[in-house]
Amino acid sequence: MASINDLPNEILEFIFSLLPPYQDLEQCASVCKRWIALASNVRIRKKVCLQKALMDFNLCWRQEALTGQNPSIAARFAHASSLHRNSMYVFGGASSYDTTFNDLWRFDLSKRKWIRPISMGSYPSPKAGASLVCYGDLLVLFGGWRHSYTPFQMCTLFDELHVYNVTDNRWTIHNFAYGPPPMTGHSATVHDNMMVVFGGYQKTMENIGTTNDIWVLDLEKLMWKRPMVSEQKPPARYGQFQMAIGRDHILVLGGTGGVNRIFNDAWLLDMRNDVWRWRNVQVKNKKSTVTHNWSYPACNVGTKIIVLGPTSPNDFQIIRQHRPTNHGLHPPNLGRPRPGGNAADRPRAAGNEPNIPPRQHPVRSPPPPPPPAPIIPPAPRARTPSPTGALRQPIDPQPGPSGISNPSSPSQAGPSRPLPAIRSPSYHRQQIDDDHLLPKRFNQTPPEHGHMAMAAFSVRPANPPALQASRERQLERLRKMEEKISAMRRIKEQEQREQEQAAAAAAAAAAVAHESSITPKRIKRNGLAIYVCDISQLLVNDGKTPVIEWQEQKNSGLIAGAPDHFTFSTMVSGTGELIVFGGLNKNPKSESSSVTNSVHFLTVPTAVV
């Protein structure tokens, strides 16, 4: 009797490729040596196919249906996430109601469901904007911010360091006498046994603002230190993306230095010597760069960096910078308006706010200017006789607050006169031109007949003029009016036929594009577009300026089923797929905001034999 082992390797490998490349594939690899090699080939093939699909833009979005699951994670943004083996861990985050979380969730990538671990130990404080990295079976959590519970106060920043042991399900807190100040919006990567932290929005004893400092945590000894860095440094920023290039290099992309100061540059940190050196990276094909590279998710897949962002610069708005007063900086509005209170009493956004989305107000167009006042010629001044008999010039009244001259007393005002209406020379001509287009009412006759009856009462004239010429002109006007209406009707029917033909052609083109697996242009205007950067030539030319290149976009970077325009979400790289979770959606036309807990997967279309 034939068994599955009698199948050739190609068929078995194709069957394995249809399984989730996580726990199911690991269980298949534990059967025999032959299946171990086949499972390993499947993993390698999925990673290579994803990189090739990023170059060819042959991708697809899939959303995991989470309805009816129990338990289910709450909607949030600005959370921290990290991949550990076959699960994605998510900690904290903020809601749209000025609240933050300190819960830890695990998303099982094999079963596609959420699991709430029963953790023990010293829980972290509720916060968002923290960094979470994986080191073996440990998850290292550092920094973050929390909403202020009192008005007119800045949000609270943290310098806490917590370590979560995945095996023991236990949190531990570590206090240090020497370490970085409280911060948020920083970035962190793991290199061997150390965690390198760069940038962020921090609070020190002197001031509060952005920074470009580097801190290193020894993960074995759990000690902080500051390395020696060259004088050339990137500008201070927060909200940037940081990735490890091998063991000795770090690449930093994007970030923001404050309101209306977005960075689209790239910097490379060389950590091979005692003095770490920053080098500015040359960016090629900048026209394909994401416009606002600081609040959108990003991750790396091999030699490619994937960033999700808006499709046009108008999709993202930044509030105007607030000038600090003598009383200090006001905190940014971190979410929806609190119940009660006057709008004038709410805090205004600071100039350099942390990794927190500012409230966007609708842009109002300025009111139209008032029409110019009619030019009125000055009335002739009457000279009044003086007691001595000489003529005295009249005293001009002083203008009032509105700019109109008012008499100082009733005696000086004199009798009021109606001011003549000054019309343009073309007014009478324009009135005549407009009158011939309108039919006459009652028995009104043209002025050239020398008679105008009382139209309101329809009084017959004593000497009625000849009406033959008037009737002919009226019939001629009606005929011309009918011709104009007929011409307008024909033009409208022609435009409607052209629109129907264009719609039919667009539908046919969409059908052809769907059959040929080509994504139609502008599928979802508010969806997230995909931006891909090639870093394969970053370290090739040693001694020269490092280079990265953004790839040309197809179809504006949009793919069918793309997530909505959410910011402050996270994206991690799985096995042959990218997992996007959470985010905040701000409506630019109103002050409302929405938070999501949806999970989207960016993967390669599956070919069925």
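Our structure's up above, just so we're on the same page.
All of these numbers come straight from a predicted model, not from anything done at the bench. (Residues numbered from 1 in each chain as written. Predicted model: local features only at pLDDT ≥ 70, side-chain atom pairs only at ≥ 80, totals over all residues. Heavy atoms only, no water.)

(A) Fine view of the sheet that holds strand β21 (residues 241-245). Read from one edge of the open sheet, five strands run β20-β26-β25-β22-β21, paired in mixed fashion. Edge positions in the open sheet fall to β20 (228-229) and β21, since each of these has one partner strand only. Note: strand β22 (residues 249-253) against strand β25 (residues 266-270), five bridges, orientation antiparallel. Its bridge partner lying in β25, Leu253 is registered against Ala266. (Pairing = 2+ DSSP bridges. Helix = DSSP H or I, 4+ residues; strand = E, 2+ residues; numbered from the N terminus.)

(B) A nonpolar patch on the surface, seen in detail. A contiguous nonpolar surface patch, about 280 Å² in accessible area, is contributed by Ile4, Leu7, Ile11 and Ile15. Position of Leu7 among the secondary structure elements: in the segment before α1 (9-17). (Patch = residues over 30% accessible without salt bridge, like charges linked within 9 Å, V, L, I, M, F, W, Y side chains within 5 Å. Areas by Shrake-Rupley, 256 points an atom, 1.4 Å probe, with all protein chains shown as cover. Salt bridge = Lys/Arg side-chain N within 4 Å of Asp/Glu carboxyl O.)

(C) Summary view of the packing of α1 against helix α3 (residues 33-56). Running from N to C, α1 and α3 point in directions that differ by 60°, and their axes come no closer than 9 Å. As judged from the angle between their axes, α1 and α3 are oblique. Pair α1 / α3 crosses with right-handed handedness. Together, Asn9, Leu12, Glu13, Phe16 and Ser17 of α1 and Arg34, Trp35, Leu38, Ala39, Asn41, Val42, Arg45 and Lys46 of α3 make up the contact between the two elements. Grouping the amino acids of the contact of α1 with α3 by side-chain chemistry returns six nonpolar, three polar and four charged. (Axes fitted to C-alpha atoms, helices over the stretch in contact; angles between N-to-C directions. Parallel < 35°, antiparallel > 145°, perpendicular 65-115°, else oblique. Left-handed = near helix turned anticlockwise from the far one by under 90°. Contact = heavy atoms within 4.5 Å. Nonpolar A, V, L, I, M, F, W, Y, C, P; charged D, E, K, R; others polar.)

(D) Representation of the pattern of salt bridges. A complete count under the given rule lists 14 salt bridges for this structure. The shortest N-O distance in the salt bridge between Arg45 and Glu13 comes to 3.0 Å. You can see Arg45 sitting in helix α3 and its partner Glu13 sitting in helix α1, a full 32 residues away along the chain. Measuring nitrogen to oxygen at the nearest pair gives 2.3 Å for the salt bridge that ties Glu476 to Arg479.

(E) Layout of the sheet that holds strand β14 (residues 187-191). Taken in spatial order, the four strands make up an open sheet running β14-β15-β18-β19, and their pairing is antiparallel. For this open sheet the edge positions go to β14 and β19 (223-225), each flanked by a neighbour on one side alone. Recorded for the sheet is a direction-independent mean angle of 25° between the axes of neighbouring strands. Where β14 meets strand β15 (residues 194-198), five bridges bridge the pair, whose relative direction is antiparallel. Residue Ser187 lies in a different strand from β15, and its bridge partner there is Phe198.

(F) View of the pairing of strand β32 (residues 529-534). The buried fraction of β32 amounts to five of the six residues, a majority that puts the element mostly inside the structure. As judged from the six bridges shared by strand β29 (residues 304-309) and β32, these two strands associate in the antiparallel manner. Residue pairing for β32: Ile306 is matched across the bridge by Val532. With two bridges connecting them, β32 and strand β33 (residues 547-550) associate as antiparallel partners. Along β33, the bridge assignment pairs Asp534 with Glu549. (Buried < 20%, exposed > 50% of the residue type's maximum accessible area, 1.4 Å probe, protein only.)

(G) Representation of the nonpolar core. The biggest cluster of nonpolar side chains holds 21 residues, and the ones touching the most others in it are Leu251, Ile305, Ile535, Leu538 and Ile548. Where this core is concerned, the elements lending two or more residues are β21, β22, β25, β29, β32 and β33. Contacts of Leu538, omitting those with residues within four sequence positions, involve Ile245, Leu251, Leu268, Val281, Pro546, Val547 and Ile548. One finds Leu50, Phe57, Ile306 and Ile559 within the second-largest nonpolar core, a separate group that totals 20 residues. (Core = buried A, V, L, I, M, F, W, Y, C linked by side-chain atoms within 4.5 Å.)

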